[in-house]
Each structure stands twice: as C-alpha cells, then as structure tokens.
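Here is how the chains run, residue by residue.
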Amino acid sequence: MSGAPPDRRWLRASASFPAPVIAEIHRAADEGVYDIRGFGAKRHLPTFDDLLLLGASMSRYPLEGYRERCETSVTIGTRFARRPLELAIPITIAGMSFGALGANAKRAIGMAASAMGTSTTTGDGGMSPEEREASKLLVYQVLPSRYGLDPDHLRACDAIEVVVGQGAKPGGGGMLLGQKITERIAGMRDLPVGIDQRSACRHPDWTGPDDLEIKIQELREITDWELPVYVKVGAARVGFDVALAVKAGADAVVVDGMQGGTAATQDIFIEHAGVPTLPAVRQAVEALQELGMHRKVQLIVSGGIRHGADVAKALALGADAVSLGTASLIALGCNRPDYVEDYHALGTEPGFCHHCHTGRCPVGITTQDADLETRLHPEQGARRLRNYLTTMTLELQTLARACGKSHVLNLEPEDLAAVTVEAAAMAQVPLAGTNWIPGR
Amino acid sequence: MSNLPEPVDFDLAGGDRRSLNRSLHALAGDGAGARWNIRNPGGRHALCVGMAAEAELAIHGHVGYYCAGMNRSANIVIHGNAGPGVAENMMSGSVRVKGNASQSAGASGRGGLLVIEGNASARCGISMKGIDIVVAGSVGHMSAFMAQAGHLVVCGEAGADLGDSIYEAVLYVRGPVASLGADCVEKEMTDAHRERVGGLLAAAGVEADPGSFRRYGSARRLYNFNVDRADEY
Ligand code: SF4
C-alpha cells in the first residue's frame, strides 16, 4: 500500500456534511456540550446588501452634495414622554453590558456617542458611573435578570428600554461566564465572584402584554412620565410583537434582527433562531402602519448594521433610527490585527474572532482583565468610533441626497429595488428591473 | 406634645394616582418623617412606587400591581391585599401587607424588609437580591426562583419547586415543602441560623418559634457549567 497523498481530483466533499459540520460533530462528541460563543450569526442570510437604492435622475431631482442640506436629526419618544430624546443622527449605540464589556470600552462608547449627539445604552448589570459620566444621552435597560437595577439610575437616565428579547437569542436567557466575573461586576449584580451568571429569559414580575402595560405604567410613575419607554424585542413574530408593544404603551420599539450580536450564547441559538433584520424592518413598519402609529411610535432597528447604506435602506423601509452593537465594537478595534499572538492563544485569528465569552479579548474590549483593558485607551477608542459614526452619517446623507431627500427620514420604499427574489419578497420592494413584488 | 408632623390624608376616590405619586416623590430630600394616609386605593396599580424618602405611608384598602415598587427608605403598610409584584426591586425601608399578596412579591428586591401577614402566591421572592421577606402564612410554587441574596422566612408551607436555581439566598420554612427546585437542598439549621430567624421574625413582628424552621439553600452545583449536570439546567 502506498502512503502517498490521495489524488485530490477524486475527493468529493459532502454538501450535507462539509468540513465545518464534521468538525462540529467531532467537537460535540469530544466535549458533550454545546458551543458557547460571542459575536452574531456567521451564516449567510438575506441582508440589506440584497437591496439597492435608486438614485434620482429625470423623474426625481437629486440634491447637490456640498451645498444642499440633508438633515439627520430624529426625535424618539414623542408619544407619551415629557422629555423625548433629540438625536442629531439616526444611529444609536445598542445595549451592551458592563461586564461583557470593560469599563474603558463603555467609556469610549459614551464619549463617541455624546460627541455625535446620539445615545448609548446600558446592559445587563446596570449602570456604571463611568458610563453615565461619559454619555450625554443614556438609555437604561430593564432586563429579565434585573441585575443591578436601581431606581436612582432609572431617574438618572434619559430613556428606559424594557428588554423582552434579543436578536441573537429570541426567547433565550443569557450567561456571563464565571471567568469574566470580577469583584466589581459581582458586587453590581449581587452575586459571588467567579460563578456563571445566568440571566432569566422572562421578567420576574410580569408575563404577557397586559402585564407589560402595567409594568410600563409603573416605570412611568417612578420617573414622573418624563422619560421615553422603549420596548426591545428579538425579531421572531415581529408583526405581533410590535403591535403588542405599542398596545402596552411603548414610546418606541426596538427590533433586533438575528444578526444582532451577543457576548455569550449557544452557537446553535445564534445561527438558528430568529428572523433576519431585512424582513423584520418591513414587518415592524407594517404593524405600526396598521395601527396608525408609524412615526408616532418610533422604530429603531438593529442587527448587522454596518455602514451608511444599511442605515439608508433601513430608513427607506420605514425605520426611524438604527442601533449598532457589533459594528461599534469593530470600530473600537475588535478583530483588529493587533496583539495577533493573543488571538492565536485563543485559537483564532484577527477577522475570525468571536471569543468575547472568554474574557480574554486581545484588544481589551470585552474583558475585565486589568492588563488587557489597558489595550483600549478610551480617548483613542472614542476617536475611532466617532470617525466611524461620522463616516456612516456622511454615507447616509450622500445616498439620501442622491435620492433627492432633504431629510434622511424622507427616504421611502420607492427608493429601493431588490437584487434577489428573496429580498424582494422579504422587503416587499420590486425585483430590480421589474415591477414585480413577490406575494402581491 | 409630639413633634411628629400631622398626617396627610389623600383620598384616591377623589384624586388620581399621578398626583399621589408626584406628591410622594416631592418628599425626597426633606420629607423624612412625613406621614400619609392613603384611602380608597381601589386596587389601583403602581401606587407609592419609586419612594425616596423616609416617610410613613399607610394605604387603607386593596392595591393592584407593583405597589411600593422600587421603594427606597419609606415604611409602607398596606391594610388590605396586594396584587402582583408588591415591593418589587425594593432597595431599603419596609413594606407590610396586612392581607395576602399575589405572585412575585418582593421580586428582585435588593434590600429592606417585606412582611406579608397572610399568604403569598407563586414566585414569592423570585430573583431576590438582598431583600428580607417574612411571610406569616404560606407561599406558592416557584418561590425564591433564582434567588441571589437575602432571606425568605415562611411560617406556613411552601409550594412546589422552592428555590429552583437558587444562588446565595437563604430560605427558612416551618411547614412542609411540596418539593425543592433544581440545585436547592436542605441544610443544617445551626444556632446562628435560629438566631437569624428570630431576628427576622422580631423585626417583622410575627410570632413563631425559630427552632421550628428548616433551612434550604443552594447546593452550588450549577455555579459553573458542568455537562454532567446538564439535565438539571
Ligand atoms: S476581538 Fe474582542 S470584542 Fe472582538 S470578537 Fe474577539 S474577543 Fe470579542
């Protein structure tokens, strides 16, 4: 028998069992436990890339790039709140916990968001003083775990977000692994150091939309009806969930598509649960329109937003603003090719890292390790994130002007065409070059 | 002559919840010692929520959801029954329910003392994070679910799955427990624990023999994920 390598021409991979699937079965057989990881869905999904913006030409006039204004401001919480949030740009920063993220990352995000006139959001684990100090507009999350929930923080924030679900794991709870639980994090969450902190998937004192309505009333009473109350849902049964959130009295609804990131969740959950952001936006807008509440209850969309074109397309479909999680961390330096040997120590490479759950973030973002944290200088991180948000805003304005819009919220579905049948069906816009909208 | 301020009488039959809560919030700062009698609550929700003053409040009648929610410092007595989530996320002070309490009493409470002189329904002390709860009667199923810190004293019986997925909270129950939840076990009742129960009963003004209670707490088997215990999650 010859030990020579096989003739590769005759090697045929299985479509059902390609190499990554075989590797995962081997891993599961070795370890007997599901894979927990950070980041968001890595599989291919229909995205905003499958839509195109139709610039103006004869039937519409474009605006002059450097002379004609294209406004970007948006107000969130106009329904009931006495103090709605005035954002200079329709791009906000999503909730990420202090615990999953280090203090420097939270501070950098707050500084960048403030400089851009937009909001940032707390996360599971409550509000840290650094975050409040750095953030001009801070949205305070009320989550099922209620870790660190403090009425003084509720009174000190600028908006409240009741989190019902998350795009990366609609219907699932959370887990902050013990390796990330320092004394400070444990203290904020009323738990011992070093143990896995499980977050419940349901709130402890309400279930269902009728209870949520009363819960929202309580939060408004505590804060004297000053602050907007958002309800955040993971995209699943979007039409029903958005309608029920509106019925429960939300000022704004946040819909998080399945590309939304997480600090630590089962891989199987991240890749196989929920609905992509693209159809979720349309379903949410339709639900609001059916209730006559579109633009009265603001819609914030998150999950895989990457650049100004994504923002423009989300707004054209009817969103009022978007929210960034993963992309904001990438701007801070996530997956940047620095400290490459530390990526290798985690068994990965820059560009492939999803190891937020380990607490050993090579670039000092998702870590509580004092040494690793020094790798992220808050000012430098803030500068990068500010540059990124500025770029996105310029891109958004460029595209909106090209569509003849003097305000980015004037973008509309008529400004869009789809390049795939799937995207045309999901977004309910015509397939490019046709008048055909699948299902109509 | 007493130096106590005259009690303020607020009648919800002729007023609304908003003006009550607004007036109570205005006590924050220099409202310590203020005394309020609140009449005709009529089962309204979210009464006396977000208190931030050492005031003494008496509510005469039944209340709906979330009464005394997120209380800090105030001492609140409900002369009636309470709906779901009474004293939810309480930080400090005290809340006393003279009647029965619905589900999720004291949910995620981080401090203070909640006393229920009657029975409490399901999920009493769910997700509790430092609050002390004394129930003179019995508690329903899934009480102290994911309870992190604080004490739950039950003078009567406990329903099924007591202390499921419990962390460091300590449970004392005098009567039978229908069943214990995942990772909750009976533990030795030492003199120190009898002393603690005695102290909590005294603070609550509830009469019972501390020696007649049994203690339950976490086996700490779910603290770090272990595949061999996956069926317990
Ligand atoms: S570089 Fe850090 S933040 Fe980015 S995926 Fe890796 S561990 Fe997470």
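Worth saying up front: this structure is predicted, and the values here are computed from it rather than measured. (Residues numbered from 1 in each chain as written. Chains lettered and ligands numbered in written order. Predicted model: local features only at pLDDT ≥ 70, side-chain atom pairs only at ≥ 80, totals over all residues.)

1. Regarding the overall build of chain B
Looking only at helices and strands, one finds 2 helices and 11 strands in chain B. In chain B, the succession of α and β elements from N to C terminus is β-α-β-β-β-β-β-β-β-β-β-α-β. At 18 Å, chain B has a C-alpha radius of gyration in line with the 17 Å of a compact globule built from 233 residues. Taken over the C-alpha atoms alone, chain B extends approximately 60 × 35 × 30 Å along its principal axes. (Helix = DSSP H or I, 4+ residues; strand = E, 2+ residues; numbered from the N terminus. Rg over C-alpha atoms; globule rule 2.2 N^0.38 Å.)

2. Remarks on the overall build of chain A
Counting secondary structure elements, chain A contains 15 helices and 16 strands. The C-alpha atoms of chain A give a radius of gyration of 22 Å, which matches the 22 Å a tight globule of 440 residues would have. Once the C-alpha set of chain A is aligned to its principal axes, its extents read approximately 75 × 60 × 45 Å. Within the span of chain A, comprising 440 residues, buried residues form 55% of the whole. A separation threshold of at least 6 residues defines the contact pool for chain A, and within that pool the share at least 24 residues apart is 67%. (Buried ≥ 20, exposed ≤ 12 C-beta atoms within 10 Å, placed from the backbone. Contact = placed C-beta atoms within 7 Å.)

3. Here we look at the interface of chain B and chain A
Listed as interface residues are 36 residues of chain B and, on the opposing side, 20 residues of chain A. Of all the elements in the fold, those that place two or more residues in the side of chain B that touches chain A are helix H1 (17–25) and strand E7 (129–135) of chain B. Per element, the largest residue contribution to the side of chain B that touches chain A is 4 residues, and it comes from H1(B).

4. Focus on the site of the ligand
Residues in contact with the ligand amount to 14 residues; listed here are only the nearest, A:Cys334, A:Cys353, A:Cys356, A:Cys361 and A:Thr366. A per-class count over the shell around the ligand returns 9 nonpolar, 5 polar and no charged. (Near = placed C-beta within 6 Å. Nonpolar A, V, L, I, M, F, W, Y, C, P; charged D, E, K, R; others polar.)

5. Let's talk about the packing of helix H10 (residues 308–316) of chain A against helix H14 (residues 378–402) of chain A
Residues and elements named next belong to chain A. At a minimum axis distance of 7 Å, the contact between H10 and H14 shows a crossing angle of 50 degrees. Considering their axes alone, H10 and H14 lie oblique with respect to each other. Relative to H14, H10 is oriented so that their crossing is right-handed. Contacts between H10 and H14 involve Gly 308, Ala 309, Val 311 and Ala 312 from the first element and Met 392, Thr 393, Leu 394, Glu 395, Leu 396, Leu 399 and Ala 400 from the second. When grouped by side-chain class, the residues that make up the contact of H10 with H14 number 8 nonpolar, 2 polar and 1 charged. (Axes fitted to C-alpha atoms, helices over the stretch in contact; angles between N-to-C directions. Parallel < 35°, antiparallel > 145°, perpendicular 65-115°, else oblique. Left-handed = near helix turned anticlockwise from the far one by under 90°.)

6. Side note on helix H2 (residues 103–116) of chain A
Residues and elements named next belong to chain A. Given a rise of 1.5 Å per residue, 14 residues ought to cover 20 Å, and the 20 Å separating the end C-alpha atoms of H2 matches this to within 8%. Judged by how many residues are buried, H2 sits mostly within the fold: 11 of 14 residues are covered. Those residues of H2 that sit buried are Asn 104, Ala 105, Lys 106, Arg 107, Ala 108, Ile 109, Gly 110, Met 111, Ala 112, Ala 113 and Met 116. On its buried side, H2 packs onto strand E5 (91–93), strand E6 (119–121), helix H3 (129–134), helix H11 (326–332), helix H13 (370–373) and H14. (Expected span 1.5 Å × (residues − 1).)

7. Things to note about the domain arrangement of chain B
If you check the domain split of chain B, you get domain 1 (1–102) and domain 2 (131–233). The centre of domain 1 of chain B, based on its C-alpha atoms, is set 28 Å off from the matching centre of domain 2 of chain B. (Domains from an automatic or database assignment.)

8. Side note on the sheet that holds strand E2 (residues 35–39) of chain B
Residues and elements named next belong to chain B. The 11 strands are arranged E1-E2-E3-E4-E5-E6-E7-E8-E9-E11-E10 in an open sheet whose pairing can be described as mixed. Where the open sheet ends on each side, the last strands, each with one partner, are strand E1 (8–11) and strand E10 (184–187). When strand polarity is set aside, the average angle formed by the axes of neighbouring strands in this sheet is 15 degrees. Bridge count between E2 and strand E3 (residues 56–60): 5 bridges; the pairing is parallel. (Pairing = 2+ DSSP bridges.)

9. Focus: the nonpolar core
Residues A:Tyr230, A:Ala250, A:Val253, A:Val255, A:Ala284 and B:Val135 are the most contacted members of the largest nonpolar core, which totals 203 residues. Ranked by residue count, the leading element in this core is H14(A), at 9 residues. Of the residues that make up this core, three or more belong to each of domain 1 (1–102) and domain 2 (131–233) of chain B. Setting aside anything within four residues of it in sequence, one finds A:Val255 in contact with A:Val233, A:Ala235, A:Val238, A:Val242, A:Ala280, A:Ala284, A:Leu299 and A:Val301. (Core = buried A, V, L, I, M, F, W, Y, C linked by C-beta atoms within 7 Å.)

10. A look at the sheet that holds strand E7 (residues 137–142) of chain A
The pairing of strands in a sheet comes from backbone hydrogen bonds and takes either a parallel or an antiparallel form. All names here are of chain A. A sheet is described by the order of its strands in space; here 8 strands give the open sequence E5-E15-E14-E12-E11-E8-E7-E6, paired in parallel fashion. With one partner strand each, in any of the chains shown, E5 and E6 form the two edges of the open sheet. Adjacent strand axes in the sheet meet at a mean angle of 30 degrees, parallel and antiparallel pairs treated alike. Both strand E12 (residues 252–256) and strand E14 (residues 298–302) contribute to a ladder of 5 bridges, which runs parallel.

11. Thoughts on H1(B)
Regarding H1(B), the residues found buried are B:Leu20, B:Asn21 and B:Leu24. Buried residues in H1(B), looked at end-on, bunch into an arc of 90 degrees, giving them a common side. (Arc of directions from axis to C-beta.)

12. Remarks on the environment of A:Ala264
All names here are of chain A. You can see Ala 264 is positioned in strand E13 (residues 262–266). Owing to 23 C-beta atoms within 10 Å, Ala 264 belongs among the buried residues under this scheme. Residues Ala 264 and Asp 371 lie 107 residues apart in sequence; the distance between their C-alpha atoms is 22 Å. Leave out the neighbours within four places in its chain, and Ala 264 touches Ile 36, Gly 38, Met 175, Leu 176, Leu 177, Cys 356 and His 357.

13. Thoughts on the confidence of the model for chain B
For chain B, per-residue confidence averages 95 on the pLDDT scale, and 95% of positions sit at 70 or higher. Complex prediction metrics read pTM 0.95 and ipTM 0.95. (pLDDT = per-residue confidence, 0-100.)

14. Digging into unusual backbone geometry
All names here are of chain A. With a phi close to 70 degrees, Phe 39 is a non-glycine residue in the positive phi region. By the secondary structure assignment, Phe 39 is in strand E1 (residues 36–39). For Phe 39, a count of 26 C-beta atoms within 10 Å gives the class buried. With phi around 55 degrees, Gln 428 is a residue other than glycine that occupies positive phi space.

15. Comments concerning the packing of helix H7 (residues 238–247) of chain A against helix H9 (residues 277–290) of chain A
Any two packed helices are characterised by how steeply their axes cross, that is the angle between the axes, and by the distance between the axes. Residue and element names in this part refer to chain A. The contact between H7 and H9 brings their axes to 8 Å, and the two run at 45 degrees. Judged on the interaxial angle alone, H9 and H7 are oblique. Note that H7 runs across H9; the crossing there is right-handed. Every residue of H9 that contacts H7 at Val 238, Gly 239, Val 242, Ala 243 and Val 246 is listed here: Ala 280, Gln 283, Ala 284, Glu 286, Ala 287 and Leu 288. Its residues assigned to classes, the contact of H7 with H9 comprises 8 nonpolar, 2 polar and 1 charged.

16. Digging into the pairing of strand E8 (residues 159–163) of chain A
Successive residues of a regular strand alternate their side chains across the two faces of the sheet. Residue and element names in this part refer to chain A. Judged by how many residues are buried, E8 sits mostly within the fold: 5 of 5 residues are covered. What you see with E8 is no split at all: Ala 159, Glu 161 and Val 163 on one side and Ile 160 and Val 162 on the other are buried throughout. Summarising the sheet, E7 and E8 pair through 4 bridges and their orientation is parallel. Note on E8: the bridge partner recorded for Gln 141 is Glu 161.

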